[in-house]
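What follows is the residue order along each chain.
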Amino acid sequence: MTDTSTTPDVEQLDVLIIGAGVSGIGAGHYLRTLQPSKTFAILEGRDVSGGTWDLFRYPGIRSDSDLHTFGYEFKPWRDEQSIADGPRILSYLRETIAEEGLEPHIRYNHQVVAADWSSADARWLVEVERADTGERLRLSASWIFCCSGYYRYDEGFTPEFAGRDQFKGQVIHPQHWPEDLDYAGKRVVVIGSGATAVTLLPAMADAAGHVTMLQRTPTYIMPVPKSDPIANGLRKIFGDERGYALARQKNILQQRAVWLFCQRFPKAARKLIRTVNAKMLPKDYPVDEHFNPPYNPWDQRLCAVPSGDLFAAIRKGTASVVTDRIKTFTENGILLESGRELEADIVVTATGLNLSLFGGVKLSTDGRPVQLTDAVAYRGMMLSGVPNFAMAIGYTNSSWTLKIGMLCEYFCQLLGYMEANSLDTVWAAADPEMQTRPLLDFGAGYVQRSLEWLPKQGASAPWLMSMSYYEDRKNLRDTSVVDENLRFSSPARRAGQAEFAGTRA
């Protein structure tokens, strides 16, 4: 990319935020509140805001985290539902945009294609493609804050299924749900056992002729109240602001306690979950066949079902679970390895998503590609050797947004420190002998399929991708914004010398 970052025709920004979903909206709030003098834009590749909560339109779409922790710390969740459906969450996000005055900062149909860091200018030159016109344009920014998550949103993951072409019915991936799909009275097979599958099963069961969840391996599933009576009570007693803050802290403690219990006492946790499942399923139901995974609780994310709706659909007989492997699709359905055939009019492949770190943006420094596999995450926000680049990755064992808020606060503090000390460049320097492991140390299939090209994390703070709210509060809020792992530069320091050597291919 030719350097034009200092020419008049290239717009100059302090911060470029990528993505107008839950993370990007939060980042916009914190910048306006904590660094009001900084200029910024939020680039969104689609033509609307909301990210996941606008993109996914399948029946029953909802959060599997409570909204008192998935919601922003600065904006109370006022709805009675704690485990909320997609439209309610989307309304909350767009209300936040309006209240925070972020709409003028969001540029829709702006897909970031590539970004090149110039060490001489201490700026990113960012190449953008307009999704609506195909036009290419360039922006210059001191910082990039990538808030696009880590999923690939234009394409879901679907394994190769033998015989799929001979199936006469419809095959649909939840990521591309047709608005006009009529499944009333039809036989539906949902392939998968994760959060999407357990959401679809009860959501479709009342209208469909029958819905079958076909899983290769069971998942831990627990019923949770759709509404949180304690949280709603606290809000009535103490008001929206204080009541929400108290409910949030209660649920943070509750989430952490459940996760720690599962980690420390996996046998007891497994037994408890099985007992709860058995009580909610029909008498003599084969619980161990369909609801007893071969791994320990929270080795993969535990699926929550609001008010036990999945179990209710099974009890009513409108839905069922089959644990088996697919041998081949047939004209009329799916033939299993056991020899059983599941007849279907519609097959939904709830088989997961693909990862795409940083929205597929090609990063380079001084014209040379950044090799992500050589980079190590610093405080869960920066990558070693990549200057003035931040990322927003939330928790996998708790509410995503809990971490995003603390990352945004730390980011704004770092901006303030650099401005106060006349610094324009910062990067994290990792010990090349550091022991590392995958960035997302999680057993989910979408993670395991992508390990070979992901950055790494270290074994201890600040190089650890912490999954603990309390540890992160200590490392991001209650400690110095700088430490011995950060390297800084300024125009004065660069006079006559080149200080930066980034992570390159």
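Below: a short report on this structure. (Residues numbered from 1 in each chain as written. Predicted model: local features only at pLDDT ≥ 70, side-chain atom pairs only at ≥ 80, totals over all residues. Heavy atoms only, no water.)

Let's shift gears to the overall build of the protein. Along its length, the protein carries 13 helices and 27 strands. Relative to the compact-globule value of 23 Å for 505 residues, the protein shows a C-alpha radius of gyration of 24 Å, a close match. Here the C-alpha coordinates of the protein stretch approximately 80 × 55 × 45 Å along the principal axes. Taken over 505 residues, the protein has a buried fraction of 54%. (Helix = DSSP H or I, 4+ residues; strand = E, 2+ residues; numbered from the N terminus. Rg over C-alpha atoms; globule rule 2.2 N^0.38 Å. Buried < 20%, exposed > 50% of the residue type's maximum accessible area, 1.4 Å probe, protein only.)

Within the element layout of this structure, Arg 248 appears in helix 6 (residues 229-264). No salt bridge is formed by the buried Arg 248; its nearest oppositely charged neighbour, Glu 73, is found at 4.8 Å. In contact with Arg 248, not counting residues within four places along its chain, are His 68, Thr 69, Gly 71, Tyr 72, Glu 73 and Leu 402. (Lys, Arg positive; Asp, Glu negative; His and termini not counted. Salt bridge = Lys/Arg side-chain N within 4 Å of Asp/Glu carboxyl O. Contact = heavy atoms within 4.5 Å.)

In this section: the sheet that holds strand 8 (residues 170-172). Spatially, 8-17-9-10-13 is the arrangement adopted by the five strands of the open sheet, whose pairing is parallel. Of all strands in the sheet, those with a lone pairing partner are strand 8 and strand 13 (319-323), marking the two edges. Strand after strand, the sheet turns through a mean of 20° between neighbouring axes, direction not considered. In the sheet, strand 9 (residues 187-191) pairs with strand 10 (residues 210-215) via five bridges, with the strands oriented parallel. Within strand 10, the residue paired with Val 189 across the bridge is Thr 212. Packing against the sheet, helix 5 (residues 195-205) makes contact with strand 9, strand 10, strand 13 and strand 17 (346-349), and its axis sits at approximately 165° to strand 10. (Pairing = 2+ DSSP bridges. Axes fitted to C-alpha atoms, helices over the stretch in contact; angles between N-to-C directions.)

Now for helix 1 (residues 22-34). End to end, helix 1 covers 18 Å across 13 residues, agreeing with the expected 18 Å (1.5 Å per residue, within 8%). Of all 13 residues that make up helix 1, 10 are buried, and the element is covered over most of its length. For helix 1, every residue scored as buried is listed here: Val 22, Ser 23, Gly 24, Ile 25, Gly 26, Ala 27, Gly 28, His 29, Tyr 30 and Leu 31. On its buried side, helix 1 packs onto strand 1 (11-18), strand 2 (40-44), helix 3 (67-70), helix 4 (86-99), strand 6 (136-146) and helix 10 (400-420). (Expected span 1.5 Å × (residues − 1).)

Right, let's talk about helix 9 (residues 309-316) for a bit. For helix 9, the complete set of buried residues consists of Leu 310, Phe 311, Ala 313 and Ile 314. Around the axis of helix 9, the buried residues are gathered within 160° of arc, so they sit on the same side. At the C-terminal side of helix 9, Gly 317 shows a positive phi close to 85°. (Arc of directions from axis to C-beta.)

With that out of the way, let us pick up the sheet that holds strand 15 (residues 333-336). The sheet built from three strands is open, its strands ordered 14-15-16 with antiparallel pairing. One side of each edge strand has no neighbouring strand; the edge strands of this open sheet are strand 14 (326-329) and strand 16 (341-343). Each strand axis lies, on average, 25° off the axis of its neighbour in the sheet, ignoring direction.

Of all 11 residues that make up strand 6, nine are buried, and the element is covered over most of its length. Relative to strand 6, strand 5 (residues 123-130) runs antiparallel, the two sharing six bridges. Counted as the bridge partner of Leu 125 is Ser 140 from strand 6. Bridge analysis of strand 6 against strand 23 (residues 389-391) gives three bridges, and the strand direction is parallel. Across the sheet, Ile 144 pairs through a bridge with Phe 389, a residue of strand 23.

It is worth spelling out a nonpolar patch on the surface at this point. A surface patch of nonpolar side chains, about 280 Å² in accessible area, is lined by Phe 261, Phe 265 and Leu 272. As for its position among the elements, Phe 261 is in helix 6. (Patch = residues over 30% accessible without salt bridge, like charges linked within 9 Å, V, L, I, M, F, W, Y side chains within 5 Å. Areas by Shrake-Rupley, 256 points an atom, 1.4 Å probe, with all protein chains shown as cover.)

Attention now moves to the environment of Glu 484. Positionally, Glu 484 belongs in the loop between helix 12 (469-477) and strand 27 (486-489). In this structure Glu 484 comes out as exposed when scored by relative accessible area, which is 63%. Distance from Glu 484 to Ala 429, taken between C-alpha atoms, is 8.8 Å for residues 55 residues apart in sequence.

For soluble globular proteins, nonpolar side chains are generally found buried alongside one another. Counting residues in hydrophobic clusters, the biggest one holds 129 residues, and the most contacted among them are Trp 143, Phe 145, Phe 291, Phe 389, Phe 411 and Leu 414. Per element, the largest residue contribution to this core is 12 residues, and it comes from helix 10. Dropping the residues within four chain positions of it, Phe 291 is found in contact with Pro 218, Ile 221, Asn 277, Leu 281, Tyr 285, Leu 310, Phe 311, Ile 314 and Val 321. Listed in part, the 12 residues of the second largest apolar core include Phe 167, Ile 191, Leu 336 and Ala 344. (Core = buried A, V, L, I, M, F, W, Y, C linked by side-chain atoms within 4.5 Å.)

This next bit is on unusual backbone geometry. That bond from Ala 461 to Pro 462 is cis: its omega, 5°, falls within 30 degrees of zero. With respect to the element layout, Pro 462 can be found in the loop between strand 26 (456-458) and helix 12. Although it is not a glycine, Asn 109 adopts a positive phi angle of roughly 60°. Of note, Asn 109 is situated in the loop between strand 3 (106-108) and strand 4 (110-118). Despite not being glycine, Phe 358 has its phi angle at roughly 60°, a positive value. Given the relative accessible area of 2%, Phe 358 is considered buried.

Positionally, Ile 106 belongs in strand 3. Residues Ile 106 and Gly 28, spaced 78 residues apart in sequence, show a C-alpha to C-alpha distance of 9.4 Å. Apart from the residues lying within four places of it in its own chain, the contact partners of Ile 106 are Ala 20, Ile 42, Glu 44 and Ile 97.

Each aromatic ring pair is characterised by the separation of its centres together with the angle its planes make. Going through the model one piece at a time under the given rule, you end up with 20 aromatic pairs. Ring centres of Phe 261 and Phe 265 lie 5.8 Å apart, and the angle between their planes is 45°; on these two criteria the pair is classed as tilted. Taking relative accessible area as the criterion, Phe 261 reaches 32% and is therefore assigned partly exposed. (Phe/Tyr/Trp six-rings, centres within 6.5 Å; stacked < 30°, edge-to-face > 60°.)

Next up on the list: the side chain of His 173. Locating His 173 in the fold gives a position in the loop between strand 8 and strand 9. In this structure His 173 touches Gly 156, Phe 157, Thr 158, Thr 349, Thr 351, Gly 352 and Leu 353, once residues within four positions along its chain are discounted.

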